Amino acid sequence: MKSNKEEFESTCNLFINSVSNYFKHLTEVDSKINVPYIKETEGLVLKDFTGMIAISGSKKGFVYISADREMFEDLINIFIGIDDPTKADVLDMAGEISNVVAGNVRANLGTNFMISVPVVFEGMPTEVKVTTEVTIYVIPLKWKNHEAFVVIGLQ
Amino acid sequence: MEKSLNPIELKDKTNELPEEDQSLPLDRIEDQSRKNYFARMPDEAALNKCFDRAFLINKPMGSVGGDGLWMYREGGKIFLAIFNCMGQGHLASMMTRIYANALRKLIAEYKIEFTGSILQFIHREIQTRFKDKENIQLNTGAHLGIIKLDIEERAMEFAGARMDLVRELHGEVERVAGDDYQIGELTDEKQEYASNAVELKPGSTYYIATDGTTRIIGGPNYKRFGKPQFDEMVAGFTDTEFLDRKEVIVKRLDEWRGANTQNDDILVVAFQL
């Protein structure tokens, strides 16, 4: 039987694989995953736009993908062929990528791993803070010349 | 007492919330993509400014969807388009903006008025926009129904690309069928759409619904809700107040779906003149 630590790492690895596959298969450009770390200070690691998904069921927590506008614009250009995306397009792209990545993890973990629809926002919403009960795992990644974060918070 | 199992809490309000309210903390963050999705489409208030009475049901599968509507009024002419972009979720939601922009360009700027011509031009507009794009990850096609109402002339016209206009009068239901092919696909097939004159009969109620409405799976035999059942439902509305019909439709569709997951975006517009 896996320890809590092993289980946490195994879940994080699923997210790493899911996000890697997303870029590799859908954009045909590999992403580079940098050394993940556990965030010990308060506050969230956020870039310009974020798609956040709540996790419930067998595990409780959240996952989000956050990146600068330019990365989402690049993805929109590849996926939809829009050269001049609006902010609304960028928000939709942030929602799309977080939904696909979390959905693929769910496919691996089964029906007890439940995910919400993504909540998409710009900047840092003032409504939330993260409690100390959560272990936050930050996975920095680089795709093309863009930096993004996949952040997993699990209890 | 056990600590809350919620990883994200509301700042300064955590202790005010009962435990069950804390189980979905993301509900408290405004989803800006959802806000955009609904904000850019006419709502019931806007519809009611153009029609005597109207209601709208818009239930995307997720937070946003590929169904949309667009409306434009110039002088005594009103254009109302309902469209169902292929796929679901955020990518399809982006396509709804592309279709709305194409409608605005062709109707408000280029002043194209025949509904069948509008569909043809939109088809070409979408084809032109996407024909050189490689590896795009979404289907550019859509089902679309458009009406033009000329208030001064008391005339209405409808064209549909895999979408019908349903008219109910005194329990009798008539479908003005759209053409049987969608618009915006990147094939070379020539597509033409008919402009159908619709006789305005006093007391009629008109409905346009995306196919997610009739594709709902459920019922006793796990089947689609289907067009015949939709028509039967609206035919039974003769004694139902107009505004109550919205609730009846929502309830009936929910009952048909039962415990099954919603399998497509749903959008219904109803109006009376």
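Since the model is a prediction, treat every value here as computed from it, not as a measurement. (Residues numbered from 1 in each chain as written. Chains lettered and ligands numbered in written order. Predicted model: local features only at pLDDT ≥ 70, side-chain atom pairs only at ≥ 80, totals over all residues.)

**Here we look at the overall build of chain B**
- Along the backbone of chain B there are 7 helices and 13 strands.
- Considering only C-alpha atoms, chain B reaches an extent of 70 × 55 × 40 Å along its principal axes.
- For chain B, the proportion of its 273 residues judged to be buried stands at 40%.
- Partitioning the contacts of chain B with sequence separation of at least 6, the portion at a separation of at least 24 is 66%. (Helix = DSSP H or I, 4+ residues; strand = E, 2+ residues; numbered from the N terminus. Buried ≥ 20, exposed ≤ 12 C-beta atoms within 10 Å, placed from the backbone. Contact = placed C-beta atoms within 7 Å.)

**Looking at the overall build of chain A**
- Along chain A, the regular secondary structure elements total 3 helices and 9 strands.
- Along the first, second and third principal axes, the C-alpha set of chain A runs to 50 × 35 × 30 Å.
- Looking at chain A as a whole, 41% of its 155 residues qualify as buried.

**Describing helix 2 (residues 69-79) of chain A**
All names here are of chain A.
- Within helix 2 the residues assigned to the buried category are Met-71, Phe-72, Leu-75, Ile-76 and Phe-79. Projection of helix 2 onto a plane perpendicular to its axis shows the buried side chains occupying an angular sector of 140 degrees, all on one side.
- A positive phi of about 75 degrees marks Gly-81, the residue just after helix 2. (Arc of directions from axis to C-beta.)

**Some remarks on the packing of helix 3 (residues 87-109) of chain A against helix 1 (residues 32-39) of chain B**
- The geometry of helix 3 of chain A relative to helix 1 of chain B is characterised by a closest axis approach of 9 Å and an angle of 130 degrees between their N-to-C directions. Judged on the interaxial angle alone, helix 1 of chain B and helix 3 of chain A are oblique. The crossing of helix 3 of chain A and helix 1 of chain B is left-handed. Contact residues: helix 3 of chain A offers Ala-88, Leu-91, Asp-92 and Gly-95 of chain A, while helix 1 of chain B offers Gln-32, Ser-33 and Asn-36 of chain B. (Axes fitted to C-alpha atoms, helices over the stretch in contact; angles between N-to-C directions. Parallel < 35°, antiparallel > 145°, perpendicular 65-115°, else oblique. Left-handed = near helix turned anticlockwise from the far one by under 90°.)

**What about the sheet that holds strand 8 (residues 172-176) of chain B?**
Residue and element names in this part refer to chain B.
- Taking strand neighbours across the sheet as the criterion, the 5 strands line up as 2-13-10-7-8 in an open arrangement whose pairing is antiparallel. Every interior strand has two partners, whereas the edge strands, strand 2 (53-59) and strand 8, have only one. Strand-to-strand twist of the sheet, defined as the mean angle between neighbouring strand axes without regard to direction, takes the value 15 degrees.
- Docked against the sheet, helix 6 (residues 227-235) engages strand 7 (165-169), strand 8 and strand 10 (205-209), running at close to 30 degrees with respect to strand 7.
- Together, strand 2 and strand 13 (266-272) form the strand contacts of helix 7 (residues 242-257), whose direction differs from that of strand 2 by roughly 20 degrees. (Pairing = 2+ DSSP bridges.)

**A word on the pairing of strand 6 (residues 155-161) of chain B**
Residue and element names in this part refer to chain B.
- Taken across its 7 residues, strand 6 has 6 buried, putting it largely inside the fold.
- Relative to strand 6, strand 5 (residues 142-150) is paired through 7 bridges, and the arrangement is antiparallel. Bridge assignment links Leu-144 to a residue of strand 6, and that residue is Ala-161.
- Between strand 5 and strand 6, which pair antiparallel one after the other, the connecting turn spans 4 residues, and Arg-154 there sits at a positive phi close to 50 degrees.
- The pairing of strand 6 with strand 9 (residues 196-198) spans 3 bridges and is antiparallel. Residue Phe-158 lies in a different strand from strand 9, and its bridge partner there is Asn-196.

**Thoughts on the environment of Tyr-22 of chain A**
All names here are of chain A.
- Residue position: Tyr-22 is located in helix 1 (residues 4-27).
- The spacing of Tyr-22 and Ala-148 is 126 residues in sequence and 14 Å in space, taken between C-alpha atoms.
- Not counting chain neighbours up to four residues away, the residues in contact with Tyr-22 comprise Ile-97, Val-100 and Val-101.

**Overview of the nonpolar core**
- Ranked by size, the top nonpolar core spans 103 residues in total, and within it Phe-15 of chain A together with Ala-81, Leu-144 and Val-269 of chain B carry the most contacts.
- Residue contacts for Phe-15 of chain A: discarding those within four places in its chain leaves Val-63, Val-101, Val-105, Ile-139, Val-150 and Ile-152 of chain A. (Core = buried A, V, L, I, M, F, W, Y, C linked by C-beta atoms within 7 Å.)

**Digging into the environment of Val-101 of chain A**
Residues and elements named next belong to chain A.
- Take Val-101: it is sitting in helix 3.
- Distance in space between the C-alpha atoms of Val-101 and Thr-135 is 20 Å, their sequence separation being 34 residues.
- For Val-101, the contacting residues outside a window of four places in its chain are Phe-15, Ser-18, Val-19, Tyr-22 and Ile-65.

**Examining the sheet that holds strand 5 of chain B**
Residues and elements named next belong to chain B.
- The strand order across the open sheet formed by 5 strands is 3-4-5-6-9, and the pairing between neighbours is antiparallel. Strands with a single pairing partner mark the edges of an open sheet, and in this sheet they are strand 3 (67-74) and strand 9. Within this sheet the neighbouring strands show an average axis-to-axis angle of 20 degrees, counted without direction.
- Sheet strands touched by helix 3 (residues 89-109): strand 3, strand 4 (77-85) and strand 5. Its angle to strand 4, the strand with the most contacts, is close to 155 degrees.

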